[in-house]
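Observations on the three-dimensional arrangement
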Amino acid sequence: RHRRTDGDAPPAFFGYILIGVGSTLVLLGWTFGSLLIYSGRCLARHRRRTFSMVIAGIGCLQVPLGTILGVFTLTVLQRPTVRALYDTTVSPQGSPALRA
């Protein structure tokens, strides 16, 4: 049997590198999750179409479910009828107005 001695242990900074990489990945995951929730709220309100398309494109990187949902989201947002929903909005007086 081979016993480990203190000379065989990995350097202390190796643990800090793993903590840094892991923390960064968790932070990126939380950030993307928050942006995905916000994009869903925008979709429900027919606002920020381009933002939702970008988030759907990034979501395609999450195989397999993110790819399926991202492709379908992009497909639906490209439809002319859906584009028309995003091109108009209701003004405070209640009449439709073209968005600038």
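Here, the structure is the one placed above.
What you are looking at is a predicted structure, and each value in this text was computed from that prediction instead of being measured. (Residues numbered from 1 in each chain as written. Predicted model: local features only at pLDDT ≥ 70, side-chain atom pairs only at ≥ 80, totals over all residues. Heavy atoms only, no water.)

The secondary structure content of the protein chain amounts to four helices and two strands. Start at the N end of the protein chain and walk to the C end: the helices and strands fall as α-α-α-α-β-β. Out of the 100 residues in the protein chain, the part that is buried amounts to 15%. Of the contacts formed within the protein chain by residues at least 6 apart in sequence, a portion of 34% connects residues at least 24 apart. Only carbon and sulfur atoms are counted for the fraction: they give 68% of the accessible area of the protein chain, which is about 8100 Å². (Helix = DSSP H or I, 4+ residues; strand = E, 2+ residues; numbered from the N terminus. Buried < 20%, exposed > 50% of the residue type's maximum accessible area, 1.4 Å probe, protein only. Contact = heavy atoms within 4.5 Å. Areas by Shrake-Rupley, 256 points an atom, 1.4 Å probe, with all protein chains shown as cover.)

Between helix α2 (residues 49–59) and helix α3 (residues 65–77), the shortest axis-to-axis distance is 7 Å and the interhelical angle comes to 150°. Classed by the angle they form, the pair α2 and α3 counts as roughly antiparallel. Two packed elements cross with a definite hand, and for α2 against α3 that hand is left-handed. Only Gly66, Thr67, Gly70, Thr73, Leu74 and Leu77 of α3 make contact with α2, whose side of the interface consists of Arg49, Ser52, Met53, Ala56, Gly57 and Gly59. Looking at the contact of α2 with α3 residue by residue, the classes come out as four nonpolar, seven polar and one charged. (Axes fitted to C-alpha atoms, helices over the stretch in contact; angles between N-to-C directions. Parallel < 35°, antiparallel > 145°, perpendicular 65-115°, else oblique. Left-handed = near helix turned anticlockwise from the far one by under 90°. Nonpolar A, V, L, I, M, F, W, Y, C, P; charged D, E, K, R; others polar.)

Next up on the list: the packing of aromatic side chains. Counted by the stated rule, this structure contains one aromatic pair. Aromatic pair Tyr38 and Phe51: ring centres 5.5 Å apart, planes at 65°, arrangement edge-to-face. Residue Tyr38 is found in helix α1 (residues 12–45), and its partner Phe51 is found in helix α2; the two are separated by 13 residues along the sequence. (Phe/Tyr/Trp six-rings, centres within 6.5 Å; stacked < 30°, edge-to-face > 60°.)

Okay, the packing of α1 against α2 next. The geometry of α1 relative to α2 is characterised by a closest axis approach of 9 Å and an angle of 135° between their N-to-C directions. Judged on the interaxial angle alone, α2 and α1 are oblique. Here α1 and α2 pass one another in a crossing that is left-handed. Note on element contacts: α2 touches α1 through Phe51, Ser52, Ile55, Ile58 and Gly59, opposite Phe32, Leu35, Leu36, Tyr38, Ser39, Cys42 and Leu43.

Take a nonpolar patch on the surface next. Together, Phe13, Phe14, Tyr16, Ile17, Leu18, Ile19, Val21, Leu25 and Leu28 make up an exposed nonpolar region whose accessible area comes to about 990 Å². Residue placement: Ile19 occurs in helix α1. (Patch = residues over 30% accessible without salt bridge, like charges linked within 9 Å, V, L, I, M, F, W, Y side chains within 5 Å. Salt bridge = Lys/Arg side-chain N within 4 Å of Asp/Glu carboxyl O.)

With that out of the way, let us pick up α1. Here α1 spans 51 Å end to end across 34 residues, near enough to the 50 Å set by a 1.5 Å rise per residue. Taken residue by residue, α1 has Phe32, Ser39 and Cys42 as its buried positions. Contacts made by the buried residues of α1 are with α2 and α4 (80–87). Within two residues after α1, His46 carries a phi angle of roughly 55°, on the positive side. (Expected span 1.5 Å × (residues − 1).)

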